[in-house]
Amino acid sequence: MEYVATLAFARERDQQDPLHKFRDQFYFPQRNGKDAIYLCGNSLGLQPKNVKVAIEQELADWQQCAVEGYWKAKNPWLYYQQYCSKPLMGLLGASQQELTVMNTLTVNLHLMMLSFYRPNKQRFKVLMEAGAFPSDQYAVETQVKFFGFDPESAVIEVSPRPGESLIRLEDILEIINRESDSLALVLFGGINYYTGQFFDIPAITAAAHEAGAYAGFDLAHVAGNIPVELHNWDVDFAVWCSYKYLNGGPGAVGGAFVHEKHASNRDFLRLGGWWGNEESARFKMEKGFVPKKEAEGWQQSTAQVFNMVSLKASLELFEAAGIGALLSKSIGMTGYLAFLLQQLKGINFQIITPENCNERGAQLSLLFMNSGKEIHQRMTDAGIIVDWREPGVIRVSPAPLYNSYQDVFHFYEIIANIASNA
């Protein structure tokens, strides 16, 4: 696409955008008496306007049905997690039997690691990216300690080469091969939260399996951002949150994928709970945990209806938009953002996110050599909402479901004005 750094070009692109109508389905924060330029969907998605009605429906059913809402509500609560897992099939490339919606991201990561991290004296190491999100680091560190191993020797981190910001695939594969005799689990973020780098999930998974290890991924920055093919890529497990690109609301329910080769195996080790038990026997109240032969066999407790309802409402918009159209717009809009940023003069920063659109999602990470916090504050004062991450990155993320090319252009205008007055 031939980009032009003008408002007229941005308006034309928005007029041609078949998804532009979805912008009106969201509430934007107000700044200086008008909609903020909200480019922070990688941290918290906006509220869909259909959420209020969806919550009111569940409140009405609770009021009118009480306990009978489990089977008499408009959306019977017995199956509420499935109203969310079904729309996720196309986003994650999995069958509904391989998906479940439950708990929160780090809780699900711990539950999955208890199933897929089974260290012994020979195989006890976990490979992950250096600079992974802290919750992943903490989960791995404490799981390793839980099994009596020292994180210093049991946790291997792959780092960028000196002077580089991104991790090379060949370095990941080389370490997997080198550590093949001692590797128990390869656990990567699908996208690194700081740099925005999208890792080669099928290549990493294949290498892990060749080494005799399981492969799992934290898809917090992937779900709703980049479509993936978890089943076809033979990923063993994945976890994610739903409050970023999926717009499920603050602290919204998390999700998990378990490949059918594991999910269908009732003997595959996992912690049991009443809601993970085989449905036909659940209400017999008998001893003996018999897990469902699907990812829901990892569920612990009753579906959290009021923590799922916003996600359910948001996913209705994803289904209406279509993941193919969302991806196409995301590539075009993020490419436009990169093009505009390259026009800037007078600000010392670099884009550390990969240039190749196949190696990134909607996020561009801008590494500032100096005055980064001051520039972020000036953006905030001007009505831009983006986030700052230590030690020097401003993350900018145009979400295709509700952002526009004009949002991207106005962001550029404001930062160009900041540069000219620096």
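Residues numbered from 1 in each chain as written. Predicted model: local features only at pLDDT ≥ 70, side-chain atom pairs only at ≥ 80, totals over all residues. Heavy atoms only, no water.

- The protein chain appears in an unreviewed UniProt entry as Kynureninase from Chitinophaga eiseniae.
- The record held by UniProt for the protein chain lists under Subunit (unreviewed entry) the comment "Homodimer."
- Within the UniProt record for the protein chain, the comment given under Cofactor (unreviewed entry) is "pyridoxal 5'-phosphate". (UniProt positions renumbered as here; feature names shortened; annotations may be inferred.)

1. Some thoughts on the packing of aromatic side chains
Then, number 1: In total, this model carries 26 aromatic pairs according to the counting rule given.
Then, number 2: Between Tyr3 and Phe9, the ring centres sit 6.2 Å apart and the planes meet at 85°, which makes this aromatic pair edge-to-face.
Then, number 3: Take Tyr3: its relative accessible area is 19%, and that puts it in the buried class.
Then, number 4: Judged by its relative accessible area of 10%, Phe9 falls in the buried class.
Then, number 5: A ring pair is formed by Phe28 and Tyr402, whose centres lie 6.1 Å apart and whose planes are at 90°; its orientation type is edge-to-face. Here Tyr402 lies in the loop between strand E17 (393-396) and helix H15 (405-420) and Phe28 lies in the loop between strand E1 (26-27) and strand E2 (30-31), a separation of 374 residues in the sequence.
Then, number 6: The exposure class assigned to Tyr402 is buried, which follows from its relative accessible area of 1%.
Then, number 7: Positioned over the ring face of Phe268 is Arg118, at 4.6 Å from the centre of the ring. (Phe/Tyr/Trp six-rings, centres within 6.5 Å; stacked < 30°, edge-to-face > 60°. Buried < 20%, exposed > 50% of the residue type's maximum accessible area, 1.4 Å probe, protein only. Helix = DSSP H or I, 4+ residues; strand = E, 2+ residues; numbered from the N terminus. Lys NZ or Arg CZ within 6 Å of the ring centre and 35° of its normal.)

2. A closer look at the pairing of E17
Then, number 1: Neither face of E17 is left uncovered, since the one carrying Val393 and Arg395 and the one carrying Ile394 and Val396 both have all their residues buried.
Then, number 2: Bridging between strand E16 (residues 387-389) and E17 involves 3 bridges; their strand directions are antiparallel. What sits directly across from Trp388, in E17, is Ile394. (Pairing = 2+ DSSP bridges.)

3. Focus: the pattern of salt bridges
Then, number 1: One pass over the structure, following the stated rule, counts 19 salt bridges.
Then, number 2: Arg23 is the salt-bridge partner of Asp407, the closest N and O atoms lying 2.6 Å from each other. Within this pair, whereas Asp407 is found in helix H15, its partner Arg23 is found in the loop between helix H1 (7-16) and E1, the two being separated by 384 residues in sequence.
Then, number 3: The exposure class of Asp407 is buried, given its relative accessible area of 5%.
Then, number 4: The exposure class of Arg23 is buried, given its relative accessible area of 17%.
Then, number 5: Close ionic contact of Arg161 with Asp171 constitutes a salt bridge, the shortest N to O distance being 2.8 Å. A residue pair is termed long-range when its members are at least 10 positions apart, and Arg161 in the loop between strand E8 (155-158) and helix H8 (169-178) and Asp171 in helix H8 qualify at 10 residues.
Then, number 6: You can call Asp171 buried: its relative accessible area is 16%.
Then, number 7: Within this structure, Lys125, Glu174, Arg178 and Glu179 form a network of salt bridges that share partners. (Salt bridge = Lys/Arg side-chain N within 4 Å of Asp/Glu carboxyl O.)

4. Let's talk about the pairing of strand E11 (residues 237-240)
Then, number 1: The side-chain alternation of E11 yields two buried faces, one formed by Phe237 and Val239 and the other by Ala238 and Trp240.
Then, number 2: Where strand E10 (residues 214-218) and E11 come together, 3 bridges link them in parallel fashion. By the bridge assignment, Gly216 is partnered in E11 with Phe237.
Then, number 3: Across 4 bridges, E11 lies against strand E12 (residues 255-258) in antiparallel orientation. Within E12, the residue paired with Trp240 across the bridge is Gly255.

5. Structural notes on H1
Then, number 1: Phe9, Ala10 and Asp14 are the residues of H1 that are buried. Viewed along the axis of H1, the buried residues span an arc of 135°, placing them on a single side of the element. Residues of H1 that are exposed and angled more than 90 degrees away from the buried face: Ala8 and Gln15. (Arc of directions from axis to C-beta.)

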